[in-house]
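Geometric and topological summary
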Amino acid sequence: MDNLHTIKELLSRIICKSYLPKSYFSIDDAILNKSTKIFEKDYLRWYDNTNIDINKLFLTPQLISVLCYRISRELFLKSQLFYNQQIGGNGEYAYSLLGRQIGLTEIFFSAEIGEGLKINHGGGTVIGARCKIGNNCTIHQGCTIGDRKGGRPVIGNNVMIYAGSLILGDINIGDNSVIGANSVVIHSCPPGSVLIGSPSLSI
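Quick look at the sheet that holds strand β2 (residues 112–113) now. If you walk across this open sheet you meet the four strands as β2-β5-β8-β11, and the pairing is parallel. Every other strand in the sheet has two partners, leaving β2 and β11 (172–173) as the edge strands with one partner each. Bridge count for strand β5 (residues 132–133) against strand β8 (residues 154–155) is two bridges, and the pairing is parallel. What sits directly across from Ile-133, in β8, is Ile-155.

Now the structure itself:
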């Protein structure tokens, strides 16, 4: 079974668990195929094979959250194209909520996230609207990336974010940085930084 068919099978099995109308989950193969291709890079952060295994997905529900984000993101981008900067339809909300329901992780579809996203454990993690995250970011449980005074963070490539951390506001986190557990990050930092504490300090 190829990856697109695997993802279709997965979705058919989890959409029935949603309280939302099934019509909200309507999606064409072009969007689903594009989402699957991007998701393959996320899957590789967990498993060393691009052939997606449905049983492994059920063993890592936080990966399902990432998949649902990829789908909701593509639906959102399509709605932006056709509805002149207005959110259209319900699909982006439906898949976003489905990912939150299955993997206990909220990733808003207007967040811009590079390939290779890895969420460990997942419970309670929130990636808010309009945040930007680069490639190969790793995020542990209970983290919040989001708004402070109307601004959202931009996080670089290969950043490690440990459990309970908050990254908030109009700040930039440089490539290859590490955010220690339970840190509150409200200031920008250069590449290769290690941040700990509340408010965070560089060490």
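The next subject is the sheet that holds strand β7 (residues 144–146). Sheet architecture is open: five strands sit in the order β1-β4-β7-β10-β13, paired in parallel fashion. Pairing within the sheet leaves two strands with one partner each, and these edge strands are β1 (105–107) and β13 (184–185). Across two bridges, strand β4 (residues 125–127) lies against β7 in parallel orientation. Bridge pairing in β7 links Val-126 to Thr-144.

Next up on the list: the environment of Tyr-93. Mapped onto the elements of the fold, Tyr-93 is located in helix α5 (residues 91–103). Along the backbone, Tyr-93 and Phe-25 are 68 residues apart, and their C-alpha atoms lie at a distance of 9.3 Å.

Okay, a nonpolar patch on the surface next. Taken together, the side chains of Tyr-19, Tyr-93 and Leu-97 make up a nonpolar region of the molecular surface, amounting to roughly 320 Å² of accessible area. Relative to the helices and strands, Leu-97 resides in helix α5.

On to the pattern of salt bridges, then. Summed over the entire model, instances satisfying the criterion amount to eight salt bridges. Between Arg-70 and Asp-42 there is a salt bridge whose closest N-O contact spans 2.8 Å. One end of the pair, Arg-70, is in helix α4 (residues 61–82); the other, Asp-42, is in helix α2 (residues 29–44), and 28 residues separate them in sequence.

Let us look at unusual backbone geometry. In the segment running from Ser-198 into Pro-199, the intervening peptide bond is cis, with an omega of -5°. Relative to the assigned elements, Pro-199 resides in the loop between β14 (194–196) and β15 (201–202). Of note in this structure, Arg-130 is not a glycine but carries a positive phi near 65°. Inspection of the secondary structure puts Arg-130 in the loop between β4 and β5. A positive phi angle, close to 60°, is found at Asn-158, a residue other than glycine. Tracing the chain through its elements places Asn-158 in the loop between β8 and β9 (160–161).

With 13 residues, α5 should cover 18 Å at 1.5 Å per step; its first-to-last C-alpha distance of 18 Å lies within 8% of that length. Of all the positions in α5, only Gly-91, Glu-92, Ala-94, Tyr-95, Ser-96, Leu-98, Gly-99 and Gly-103 are classed as buried. Looking at the residues trailing α5, positive phi occurs at Leu-104, about 55°.

Criteria and cut-off values
- Residues numbered from 1 in each chain as written.
- Predicted model: local features only at pLDDT ≥ 70, side-chain atom pairs only at ≥ 80, totals over all residues.
- Heavy atoms only, no water.
- Pairing = 2+ DSSP bridges.
- Helix = DSSP H or I, 4+ residues; strand = E, 2+ residues; numbered from the N terminus.
- Patch = residues over 30% accessible without salt bridge, like charges linked within 9 Å, V, L, I, M, F, W, Y side chains within 5 Å.
- Areas by Shrake-Rupley, 256 points an atom, 1.4 Å probe, with all protein chains shown as cover.
- Salt bridge = Lys/Arg side-chain N within 4 Å of Asp/Glu carboxyl O.
- Expected span 1.5 Å × (residues − 1).
- Buried < 20%, exposed > 50% of the residue type's maximum accessible area, 1.4 Å probe, protein only.

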